[in-house]
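Summary of the model geometry
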Amino acid sequence: MSTQKVAEPIAGHHTAEQDGVLARLGLRFAAWAERWFPDAFVFAAIAVIVVAVAAVAHGLPLQSAVKAFGDGYWTLITFTLQQAVVAIGGYIIASSPPASRLITRIARIPHTGRAAVAYIALISMLLSLLNWAISLIFAGLLVRAIARRTDIRMDYRAGGAAAYLCMGATWAMGLSSAAAQLQANPTSMPPSLMAITGIIPFTETIFLWQSMALTAVLIVMSTMIAYYSAPSEAAAKTAQDLGVDVRTTVAALPTREQPGEWLEYSPILTLLICALGLGWLYLEFASQNPLLAISKLNTYNFLLIIVGMLLHWTPRSFLNAAASAIPAITGIIIQFPLYGSIAALMTAAAVGGVSLSDSLANIFVSFTNSDTFPVVMGVYSAVLGFFIPSGGGKWLLEAPYVMQAANDLQVHLGWAVQVYNAAEALPNLINPFWMLPLLGILGVKARAIVGFTALQLVIHTPVVLFLLWAFSETLTYTPPVFP
């Protein structure tokens, strides 16, 4: 009798009394997602078809739609490689003995499964204010480390969803916000956009007190949702329950057997390569604000690789770690190019030179005013972000017409940027695009975590839209400032 009572909760069967309302909702969302949510690739493929049909119905000739699909497929190839290196670099560092010990030590802090989920959420979101890539990889590795503990039972799905809150709640409100960075740097801005917005410094975007207050609300709210929606330990599905091996994936380095292998087992090449790499990194960080330098994906990835080489010490250990990371990037390599096709289809000019993206913007902007603009722009940015999940690239598509509308309606230009940033994160909560590096680290599919992130989306959306409107009422319009 007692064996049956213990076994049922571990298998995921539990009574309503064991969990609160949010936890039961989280489990229901998770159960629905595990049953009905498709693989990330299927999700992206359906999105391509939907956008292609909509573009043709909008007036884009079929031949032009086919050409946009093919031409757009390769437009994200650089970003695809960057994201693949993010995942590989994270694996390389995590598999090194020093990093593994550090992560294991940090992972000992939570004392219960639910506390662990909230802990992961908080760390993920705080780190995202410095750099989204750092937060995504670090939080994913932290989930794996906590999942290795045997003294607590953390729901692996809820832990993974908590790690993803860096992309679904706060990343665009911090220093790595592509839109805020672009608007603050005149040399990076297209001349056509500069003529509309002028320069908008960080003091008018991410460092507005209204922006920081909104960010604080998001962090507190998201952490609380993560805690109360996490299943109790009796109802939790651990990594082992899901069939995920969270042990160190890199085997011990075999003994050198051939004389020709001596350089592979010697630190000489590692030290020479890393000396060159560290020299470049010094120049890169010394020439600009260090926080802005680390926000560049190329710089961040380069730092990952150099640190990974040093931590592994020998080329053979480094190469073995890199080889074990390759399975984690399969989804990234195959799926990311499809989003380039979606963006091309959305922006391809139809008859009359008007794209599907333009028409969607006109629909939203046509029935707004200075009071409703933040909410309407937020809804529009969130909807478009579901189809074009690219913070910087999508801003370049939206900015010319939404910022012109902000000027015409005399809406604070910096707050218009923050409206975009806050709304941009919402679709990330259910869009698998940004999940892929994290999913590779966790060893699960999107359906495993999207139930819990969808619950966050349901609660976030009305709160974010309300705060975007409320804080806009405290700001006044100032004309663009030109260099």
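Just so it is clear, the model here is predicted, and its values are computed rather than measured. (Residues numbered from 1 in each chain as written. Predicted model: local features only at pLDDT ≥ 70, side-chain atom pairs only at ≥ 80, totals over all residues. Heavy atoms only, no water.)

Quick word on the overall build of the protein
Operational definition: The secondary structure listing takes helices from DSSP runs of H or I that are at least 4 residues long and strands from runs of E that are at least 2 residues long, numbered from the N terminus. Exposure categories follow from relative accessible area, calculated using a 1.4 Å probe and restricted to protein chains: below 20% of the type maximum is buried, above 50% is exposed, and the middle band is partly exposed. Contacts are assigned to residue pairs that have any heavy atoms within 4.5 Å of one another. Methods summary: accessible areas were calculated by the Shrake-Rupley approach with a probe of 1.4 Å, and residue burial reflects only the protein chains presented.
Check the secondary structure of the protein and you find 24 helices and zero strands. Out of the 483 residues belonging to the protein, those deemed buried represent 53%. Long-range pairs, those at least 24 residues apart, make up 81% of the contacts in the protein with a sequence separation of at least 6. About 20400 Å² of surface is accessible on the protein, with carbon and sulfur atoms providing 69% of the total.

Section: the packing of helix α8 (residues 132-147) against helix α9 (residues 156-163)
Defined as follows: The axes used here are C-alpha line fits, helices contributing only the stretch in contact, and every angle between their N-to-C directions lies in the interval 0 to 180 degrees. Here is the rule for angles: anything less than 35 degrees is roughly parallel, anything more than 145 is roughly antiparallel, 65 through 115 is roughly perpendicular, and the remaining ranges are oblique. Handedness of a crossing follows from how the near helix is turned relative to the far one, being left-handed for an anticlockwise turn of less than a right angle and right-handed for a clockwise one. Gly falls in the polar group here, along with every residue not listed as nonpolar (Ala, Val, Leu, Ile, Met, Phe, Trp, Tyr, Cys, Pro) or charged (Asp, Glu, Lys, Arg).
At their nearest, the axes of α8 and α9 sit 9 Å apart, and the two run at 160° to each other. In terms of orientation, α8 and α9 fall into the roughly antiparallel class. As for the relative orientation of α8 and α9, their crossing is right-handed in sense. Of the residues in α9, those touching α8 at A139, G140, V143, R144 and A147 are Y156, G159, G160 and A163. Among the residues making up the contact of α8 with α9, the classes are represented as five nonpolar, three polar and one charged.

Side note on the nonpolar core
This is how the line gets drawn: In plain words, nonpolar cores are sets of buried Ala, Val, Leu, Ile, Met, Phe, Trp, Tyr and Cys residues tied together by side-chain atoms within 4.5 Å.
Counting 132 residues, the largest nonpolar core has I146, M154, Y156, L214, W395, M403 and I449 as the members making the most contacts within it. Contacts of L214, omitting those with residues within four sequence positions, involve M173, W415, A422, L467, L468 and F471.

Focus: the side chain of R149
The condition is simple: Any pair of N or O atoms that falls within 3.5 Å is considered a polar contact. Within protein, one atom must be able to donate a hydrogen and the other to accept it, and sequence-neighbouring residues count only if both atoms are side-chain atoms.
If you trace the backbone, R149 turns up in the loop between α8 and α9. Of the residues examined, R149 reaches a relative accessible area of 16% and is grouped as buried. Polar side-chain contacts of R149 include one of 2.8 Å to the backbone oxygen of A107.

Points about a nonpolar patch on the surface
So the rule is basically this: For patches, a residue must show more than 30% relative accessible area and have no salt bridge; joins then use 9 Å for like charges and 5 Å for nonpolar side chains, namely Val, Leu, Ile, Met, Phe, Trp and Tyr. Should a side-chain nitrogen of Lys or Arg be within 4 Å of a carboxyl oxygen of Asp or Glu, the pair is scored as a salt bridge.
On the surface, a cluster of nonpolar side chains totalling about 480 Å² of accessible area is made up of F41, V42, I46, V50, I333 and I334. At the level of secondary structure, the elements contributing two or more residues to the nonpolar patch comprise α3 (40-58) and α18 (330-347). With respect to the helices and strands, V50 occurs in helix α3. According to the relative accessible area criterion, V50 is partly exposed, its value standing at 43%.

What about the pattern of salt bridges?
Tallied over the entire structure, the rule returns four salt bridges. Between D155 and R157 there is a salt bridge, with the nearest N and O atoms lying 2.7 Å from each other. Residue D155 shares its accessibility class with R157, and that shared class is buried.

Some thoughts on the packing of helix α22 (residues 413-425) against helix α24 (residues 446-472)
Orientation of α22 relative to α24, taken along the N-to-C sense of each, is 175°, at an axis distance of 11 Å. The angle between the axes of α22 and α24 places the two elements in the roughly antiparallel class. The segment α22 lies against α24, with W415, Q418, V419 and A422 engaging V464, L467, L468, F471 and S472.

A closer look at unusual backbone geometry
The phi torsion at W313 lies on the positive side, around 75°, for a residue other than glycine. Within the secondary structure layout, W313 lies in the loop between α16 (297-312) and α17 (315-325). Exposure remark for W313: the relative accessible area of 42% places this residue in the partly exposed category. Positive phi outside glycine occurs at Q410, with the angle close to 60°. For Q410, the position within the fold is in the loop between α21 (391-409) and α22. For Q410, a relative accessible area of 55% corresponds to the exposed category.

Concerning the confidence of the model for the protein
Selection rule: Confidence of the predictor at the level of single residues is given by pLDDT, which spans 0 to 100.
The share of residues in the protein with pLDDT of 70 or more is 83%, and the mean pLDDT across the chain is 80. In this model, residues 1-17 is a region of pLDDT below 50 whose contacts with residues beyond four sequence positions or in other chains number 14 contacts.

Details of the packing of aromatic side chains
What counts, and what does not: Here a pair means two rings of Phe, Tyr or Trp (six-membered ring of Trp) with centres within 6.5 Å. Their orientation is stacked below 30 degrees between planes, edge-to-face above 60, and tilted elsewhere.
All told, the structure shown has eight aromatic pairs when counted by the stated rule. Ring centres of F69 and Y73 lie 6.4 Å apart, and the angle between their planes is 50°; on these two criteria the pair is classed as tilted. Linking F69 with Y73, this pair stays in helix α4 (residues 62-73), spanning four residues, or about one helical turn. By relative accessible area, Y73 is classed as partly exposed at 22%. Aromatic side chains W280 and F302 sit 5.0 Å apart centroid to centroid with 65° between the ring planes, which places their arrangement in the edge-to-face category.

What about helix α13 (residues 209-229)?
Residue pairs spaced three or four apart in an α-helix point in one direction, given the helix's 3.6 residues per turn. Selection criterion: Expected helix span is computed as 1.5 Å times (number of residues minus one).
Taking 1.5 Å per residue as the helical rise, α13 with its 21 residues ought to reach 30 Å, and the 30 Å between its terminal C-alpha atoms agrees with that figure. Inspection of α13 places Q210, S211, L214, T215, L218, I219, M221, S222, T223, I225, A226 and S229 among the buried residues, and these make up the whole buried set.

Remarks on the side chain of R157
In this structure, R157 sits in helix α9. Take R157: its relative accessible area is 4%, and that puts it in the buried class.

Topic: the environment of A68
Structurally, the position occupied by A68 is in helix α4. Along the sequence, A68 and A348 sit 280 residues apart, while their C-alpha atoms lie 6.8 Å from each other. Beyond its immediate chain neighbours, meaning those up to four positions away, A68 contacts A344, L345 and A348.

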